[in-house]
Amino acid sequence: MYLDFLKVVVLLSLLFVKGLSRQNSTSAGNVTIGSIFTKTSLNGQVADIAMRAAVDDVNSDPRILGDRTLVLSTSDSNFSGFRGIIGGLRHMATDIVAIIGPQTSEMAHILSHLANELHVPLLSFTALDPTLASLQYPYLIQTAPNDLYQMTAIADMINYFGYKEVAVIYTDDEQSRGSMVALGDRLAERLCRITYKAVLPPELNATIENITEVLVQISRRESRVVVVHAFESVGRMVLKMANSLKMVQNGYVWIATAWLSTVLDSRPSSATPSEVFEGVLTLRPHTPDSAMKTAFFSRWKNLSHGSIGLNPYGLYAYDTVMIIAHAVGEVLRSGGNISFTHNPILSSMRGSLSTLRTFDAGEQLLDNIKNTSMTGLTGQIAFQPDKSMIHPAFDILNVNGAAGYKQIGYWSNYSGLSIVPPEELYDKPANRSSANQQLRSVMWPGNTKVQPRGWVFPNNGRPLRIGIPKRVSYELFVSMDEDTKEISGYCIDVFLAAIKLLPYTAHHVFIPFGDGLKDPNYTQLIDSITTGAIDAAVGDIAIVTKRTKRVDFTQPYIESGLLVVVPIRNQGSGAWAFLQPFTGPMWAVTGAFFVMVGIVIWILEHRINDEFRGPPRQQLITLLWFGFSTMFFAHRENTMSTLGRMILLIWLFVVLIITSSYTASYTSILTLQQIPPSIRGIESLINTDDPIGVQRGSFVRDYLNDELHIPKSRLISLETPEECEDALTSGRVSAIVDERPYMDLFLSNYCKFQAVGQEFTKSGWGFAFPRDSPLAIDMSSAILQLSENGELKRIGDKWLKTQDCSRGNTEGQDELQLISFSGLFLMSGTAGFLALIIYLCKVIVKYNRNNGQATESTTPRNGAARTTPIQRFLSFFDHKEEDLDSRSKRKHSEVIP
Ligand code: SER
């Protein structure tokens, strides 16, 4: 691009330069240097005075150039890039050894191509576009810190004050564009960014309308941190208009690049009341205090005749002349000549351009310049191997009413922001840690010491629209009362507590999301932020990767990971659980041994013990009774034989062991042992084909499908905890996968389920904001504060108190339940019932027999009271069986003598 432009320029030059009579100003005793400045510009004026002073000083010191005289040939570019380039060509046509300037970067880009070809070094302290430092322009040396450093300083300041978003106003020229790229890069390194670029027409073409338009645009944006990088006169217009639009006021942060400090230094009294930019921050190249500098400041009044104040660019102008003079002196001392030869490319051209000649010692001069090591008005002067100045540093100024400005600190490329001059730090190890960054207090626009927060809600007073999920299950987290429309829940309380901690008021309205019939889709809720339908989303929203790519989340306010929940399978349930301690063969053998012991004891005792004698039926009963009663050590019959006692002793020991083992085993079955579930975590769940329950609307469904490759056909959407319970109990799903906060509530209500395996994701819930929203950062700090002061826990305790299944809410889990013994009770009850029936039958049979005999023998004779059959039965039941037997026998003998 530049080469094309160069061609145009060269053609134009043919016209302009034609007729230029060649003036060889480098006569034997003169060394000529050129300068290209806009003489009416602030820096042009300051530089002109300073350069002339330097030329005088060089010429009055023969140690520098010996008997040669340094001559300064000036050219006025008059705010025009074109004139600047023509001025450069004119200089080169007069055999100059170096050019100071040009003033602006667009000229520098073009002239540096000529400088490369003609070996004429260009030294500029005002064309500070960082791209000019490139290796493409070896003959261009920037003798003041270039804008890369100024932009780094601004980025450090923005970072220091904690701002994340910046709006910039700059003129659309090479100087500013390159600087804005550098600022963007430096901000990005500090996780900040330029959110709005307001571009003004280049050079002096910006009108009040242009400026008003960009300022109105800025006032509508979120960021209240504005950087102004422009030519001095345009910059002043911008701040003036901003002042009249009441934008240099409370809430705004204005950072003007070094143009403003040059105005403050050079024209302190020119400011009208509308140009008192109270609270604006600006930078000024830092030049260490020294006797030389003080002397030059004292001399300045005479030099300038009070026309303009000295600013650092005057010092750089002086030093630049000195750099060239010393370098030329070196060339001369080393035997070099100030001579020029025809350039082979140009000499083939016709016209005046063929008269442009190459400086023979240009390369040596350039080397000498790059190797400069001297102390000047600006301090130590030397260049890095990449041509940049050593120790670039800036003063940081705060415009402060009548006093002009107050210096609040320094920035150096060595140690960043400090309140001590950088030269005091160069001997110490560099320390750019954030703890070491310091500035003094700032008086901000609006005459306040309270630091502006740097952004406003972009909606200009409209309350923030906060989307909330209209949940139908787990309403403890977020819910809306359909009648009162009141929004409440754990997440809402956390949000309200956090927003109260913000250092400003954030008016908001809740906008329910969902139809209220089923849980809404949370991913769609997040999408509403990106479409601008809502300004933020608050609720039980999981911070998951896919979402973080679209919105910014606050710090998590509750932990949440995914859990697998399955039913507990307990061995000890069921009517016949008491049989479980023993296997079938064990029960059979134990029963057989009870009978066998009875038989053995009967054989041993039968002949000697009356208790084992009697009718065969009775003996059989005794045998069985004896055998089984040993189970409880409740046998009543005495054993008389020695062998019998021995057998009994051994057997009782065996019974002791069997019963205690049974007791222990049965207790353990009923209280402790649960059958290990076949699903033991997410891994084993993935390996089955079982259906899995997931919450409707949750990210879990997509996560299981996309990340864990579980087919969608296995994923069953469930809504309420009741539906989950039913699905797990009925076996419709084998497991449920959901986030811990939901599952904690679920498990505390349904103790028959358990979580298996570890939480297999680690995440949390946060509030979602649009990307790069400063509110997200402030809310994160507020959430941390809530966590530190215990408020978060209190809100959690209020809403999410869960019951512990292992204690108060065991409900039939660990106790021995009636059902476990129902078999035994059924057996014993049935036996008792049957015994009663049998006994009753036997009594009725006996009664009928007795009653029949009594009717035959006793007929009422003389009207004695007659009794009913029920009375007679009760009377019969009331008498002892032996007595009845003997009475009936007696009556029978009376009737039949
Ligand atoms: N917490 C879930 C999600 O964020 C909703 O249940 O998707």
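As a starting point, this report considers the structure included with it. Since the structure is predicted, the reported quantities are computational estimates derived from the model, not experimental observations.

1. Observations regarding the overall build of the protein chain
- Counting its regular elements, the protein chain contains 29 helices and 33 strands.
- Burial analysis of the protein chain (897 residues in total) assigns 49% to the buried set.
- Within the protein chain, contacts between residues at least 6 apart in sequence are counted, and of these 72% link residues at least 24 apart.
- A total of about 42,800 Å² of accessible surface is found on the protein chain, and carbon and sulfur atoms cover 57% of it.

2. As for the pattern of salt bridges
- As enumerated under the stated definition, the model contains 36 salt bridges in all.
- Asp-289 is the salt-bridge partner of Lys-293, the closest N and O atoms lying 3.4 Å from each other.
- Given the relative accessible area of 69%, Asp-289 is considered exposed.
- The residue Arg-471 makes a salt bridge to Asp-540 at a minimum N-O spacing of 2.6 Å. You can see Arg-471 sitting in the loop between β18 (464–469) and β19 (479–480) and its partner Asp-540 sitting in the loop between β22 (536–537) and α17 (545–548), a full 69 residues away along the chain. Neither Arg-471 nor Asp-540 differs from the other in exposure class; each is buried.

3. Some points on the packing of helix α2 (residues 42–59) against helix α12 (residues 312–333)
- With their axes 8 Å apart at the nearest point, α2 and α12 run at an angle of 35° to one another. Note on packing geometry: the crossing formed by α2 with α12 is right-handed. From α2, Asn-43, Val-46, Ala-47, Ala-50, Met-51, Ala-53, Ala-54, Val-55, Asp-57 and Val-58 reach across to α12, where they touch Tyr-313, Gly-314, Ala-317, Tyr-318, Val-321, Met-322 and Ala-325.
- Here the contact of α2 with α12 is composed, by residue class, of 14 nonpolar, two polar and one charged.

4. Concerning unusual backbone geometry
- For the bond from Gly-101 to Pro-102, the omega torsion is 0°, close enough to zero to count as cis.
- Along the polypeptide, Pro-102 turns up in the loop between β3 (98–100) and α5 (105–118).
- Phi at Tyr-474 is positive, roughly 45°, even though this residue is not glycine.
- Residue class for Tyr-474 comes out buried when judged on its relative accessible area of 7%.

5. Thoughts on the packing of aromatic side chains
- The tally for this structure, following the rule as stated, stands at 35 aromatic pairs.
- Their ring planes at 85° and their centres at 5.5 Å tell us that Phe-79 and Phe-231 sit as a pair that is edge-to-face. Here Phe-79, found in the loop between β2 (69–76) and α4 (81–92), pairs with Phe-231, found in the loop between β8 (225–229) and α9 (232–244); they are 152 residues apart in sequence, far enough to count as distant.
- Residue Phe-79 is classed as partly exposed on the basis of its relative accessible area, which comes to 27%.
- Residue class for Phe-231 comes out partly exposed when judged on its relative accessible area of 24%.
- With centroids separated by 6.1 Å and ring planes inclined at 70°, the aromatic side chains of Phe-457 and Tyr-504 adopt a geometry described as edge-to-face. Taken together, the residues span a long stretch of sequence, with Phe-457 in the loop between β17 (416–418) and β18 and Tyr-504 in the loop between α15 (490–500) and β21 (508–513) at a distance of 47 residues. No difference in accessibility class separates Phe-457 from Tyr-504, as the two residues are buried.
- Through a chain of ring-to-ring contacts, three or more aromatic side chains come together here, namely Tyr-474, Phe-477, Tyr-490, Phe-495, Phe-510, Tyr-557, Tyr-742, Trp-765 and Phe-767.
- Seen from the ring of Trp-455, Arg-453 lies directly overhead, with NZ or CZ sitting 4.5 Å from the centre.
- The ring of Tyr-504 is capped by Arg-453, whose NZ or CZ atom sits 3.9 Å from the centre of that ring.

6. With respect to the sheet that holds strand β25 (residues 562–567)
- Overall, mixed pairing links the five strands, which are arranged β29-β28-β30-β25-β31 in an open sheet. In this open sheet, the two edge strands, each paired with only one partner strand, are β29 (715–718) and β31 (753–756). Going from strand to strand, the sheet's axes swing by 35° on average, the running direction of each strand aside.
- Pairing between β25 and β31: four bridges, direction antiparallel. Bridge pairing links Val-565 to Ala-755 in β31.

7. Side note on the sheet that holds β2
- With parallel pairing, the five strands of this open sheet are ordered in space as β2-β1-β3-β4-β5. Two strands in the sheet have a free side with no partner beyond their single neighbour: β2 and β5 (140–142). Direction aside, the axes of adjacent strands within the sheet are offset by 25° on average.
- As paired elements, strand β4 (residues 122–124) and β5 share three bridges and run parallel to each other. Note that in β5 the partner of Leu-123 across the bridge is Ile-141.
- Strand contacts of α5: β1 (30–37), β4 and β5, with the helix running at about 155° to β4, the strand carrying the most contacts.
- Strands β1, β2, β3 and β4 of the sheet are contacted by α12, whose axis makes an angle of about 170° with β3.

8. Digging into a nonpolar patch on the surface
- A surface patch of nonpolar side chains, amounting to about 390 Å² of accessible area, comprises Trp-576, Leu-579, Trp-587 and Leu-826.
- Inspection of the secondary structure assignment puts Trp-587 in helix α18 (residues 584–605).
- A residue is classified by how much of its surface remains accessible, and Trp-587, at 30% relative accessible area, is partly exposed.

9. Focus: the packing of α2 against helix α10 (residues 258–266)
- Packing of α2 against α10 leaves a shortest axis separation of 10 Å and a crossing angle of 60°. In this view, α2 runs oblique relative to α10, as classed from their interaxial angle. Helix-helix and strand crossings are classified by hand; for α2 and α10 the assignment is left-handed. For the pair α2 and α10, the contacting residues are Leu-42, Asn-43 and Val-46 in the first and Thr-262, Val-263 and Ser-266 in the second.
- Residue composition of the contact of α2 with α10, grouped by class: three nonpolar, three polar and no charged.

10. So, the site of the ligand
- Taken together, Arg-471, Tyr-522, Asp-540, Ile-541, Ala-542, Arg-547, Gln-695, Ser-698, Phe-699, Glu-739, Tyr-742 and Trp-765 are the residues near the ligand.
- The backbone of Asp-540 places a nitrogen or oxygen atom 2.8 Å from a nitrogen atom of the ligand.
- For the ligand, an oxygen atom lies 2.9 Å from a polar atom in the backbone of Ala-542.
- Looking at the shell around the ligand, its residues break down into six nonpolar, two polar and four charged.

11. A few points about the nonpolar core
- Judged by nonpolar contacts, the single largest core of 110 residues is most densely connected at Val-97, Ile-169 and Trp-254.
- Tallying contributions element by element places α12 first for this core, with 14 residues.
- In this structure, Val-97 is in contact with Val-31, Thr-32, Ile-33, Val-120, Pro-121, Val-328, Ile-338, Phe-340, Phe-359 and Leu-365, ignoring residues within four places of it in sequence.
- Within the second largest apolar cluster, 71 residues are counted, among which are Cys-491, Val-538, Leu-563 and Met-743.

12. Considering the environment of Trp-799
- With respect to the helices and strands, Trp-799 occurs in helix α26 (residues 791–799).
- Taking C-alpha positions, Trp-799 is 6.4 Å from Leu-476, a pair spaced 323 residues apart along the chain.
- Leave out the neighbours within four places in its chain, and Trp-799 touches Leu-476, Ser-488, Gly-489, Tyr-490 and Asp-493.

13. Remarks on the pairing of β1
- Most of β1 is tucked away, with seven of its eight residues classed as buried.
- As defined by bridge partners, β1 adjoins β2 across eight bridges and the pair is classed as parallel. Looking at the pairing, Ile-36 lines up with Ser-75 of β2.

14. Side note on α2
- Taking 1.5 Å per residue as the helical rise, α2 with its 18 residues ought to reach 26 Å, and the 26 Å between its terminal C-alpha atoms agrees with that figure.
- Within α2, 14 of the 18 residues are buried, which leaves it mostly tucked inside the rest of the structure.

15. Here we look at the side chain of Thr-554
- Here Thr-554 lies in the loop between β23 (551–553) and β24 (558–560).
- In this structure Thr-554 touches Ile-543, Gly-766, Phe-767, Phe-769, Ala-776, Met-779, Ser-780 and Ile-783, once residues within four positions along its chain are discounted.

16. Here we look at the environment of Met-631
- The topology assignment puts Met-631 in the loop between α19 (616–629) and α20 (642–671).
- Given a relative accessible area of 26%, Met-631 falls into the partly exposed group.
- Each C-alpha atom, one on Met-631 and one on Val-654, is 9.7 Å from the other, the two residues being 23 residues apart in sequence.

17. Notes on the pairing of strand β16 (residues 405–412)
- Judged from the seven bridges that link them, strand β15 (residues 393–399) and β16 form a sheet pairing that is antiparallel. The partner of Phe-394 across the bridge, within β16, is Trp-411.
- In terms of strand pairing, β16 meets β17 through three bridges, oriented antiparallel. When the sheet's bridge partners are listed, Ser-412 is paired in β17 with Gly-416.
- In textbook terms, the turn of a hairpin is the stretch between consecutive antiparallel strands, and for β16 and β17 this stretch comprises three residues.

What counts, and at which threshold
- Each chain carries its own residue numbering, running from 1 in the written order of its sequence.
- In keeping with the model being predicted, local features are shown solely for residues with a pLDDT of at least 70 and side-chain atom pairs are shown and tallied solely at 80 or more, while totals for entire chains, interfaces and linings include all residues.
- In computing side-chain properties, one takes all heavy atoms of the structure into account and sets aside hydrogens as well as water.
- Only runs of H or I of at least four residues qualify as helices and only runs of E of at least two qualify as strands under DSSP, and these elements are numbered from the N terminus.
- Each residue is placed in one exposure class: buried if its accessible area under a 1.4 Å probe, protein chains only, is under 20% of its type's maximum, exposed if it is over 50%, and partly exposed if it falls in between.
- Note on contacts: a residue pair is in contact if any heavy atoms of the two residues lie within 4.5 Å.
- Method for areas: the Shrake-Rupley scheme with a 1.4 Å probe, in which residue coverage is limited to the protein chains shown.
- Think of a salt bridge as a Lys or Arg side-chain nitrogen and an Asp or Glu carboxyl oxygen that are within 4 Å of each other.
- Note on geometry: axes are C-alpha line fits, over the in-contact stretch for helices, and angles between N-to-C directions span 0 to 180 degrees.
- Here a crossing is called left-handed whenever its near helix is offset anticlockwise from the far helix by less than a right angle, and right-handed whenever the offset is clockwise.
- The residue classification treats Ala, Val, Leu, Ile, Met, Phe, Trp, Tyr, Cys and Pro as nonpolar and Asp, Glu, Lys and Arg as charged. All others, Gly included, are polar.
- Under the pairing criterion, centres of Phe, Tyr and Trp rings, with the six-membered ring standing for Trp, must be within 6.5 Å; the plane angle then separates stacked pairs below 30 degrees from edge-to-face pairs above 60, leaving the rest tilted.
- In this scheme, the term charge over a ring applies when either NZ of a lysine or CZ of an arginine sits within 6 Å of the ring centre and within 35 degrees of the ring normal.
- Two strands are counted as paired when DSSP detects at least two bridges linking them.
- Surface patches are defined over residues having more than 30% relative accessible area and no salt bridge, joining like charges when they lie within 9 Å and nonpolar side chains (Val, Leu, Ile, Met, Phe, Trp, Tyr) when within 5 Å.
- For classification, angles of less than 35 degrees are called roughly parallel, those exceeding 145 degrees roughly antiparallel, those between 65 and 115 degrees roughly perpendicular, and all remaining angles oblique.
- Each residue is tested against the molecule or strand, and it is near if at least one of its non-hydrogen atoms lies within 4 Å.
- Throughout this description, a polar contact denotes any pair of N or O atoms lying within 3.5 Å of each other; where both atoms belong to protein, one of them has to be capable of donating a hydrogen while the other can accept it, and for residues adjacent in sequence the pair is counted only when both atoms sit in side chains.
- In plain words, nonpolar cores are sets of buried Ala, Val, Leu, Ile, Met, Phe, Trp, Tyr and Cys residues tied together by side-chain atoms within 4.5 Å.
- The span expected for a helix works out to 1.5 Å for each residue beyond the first.

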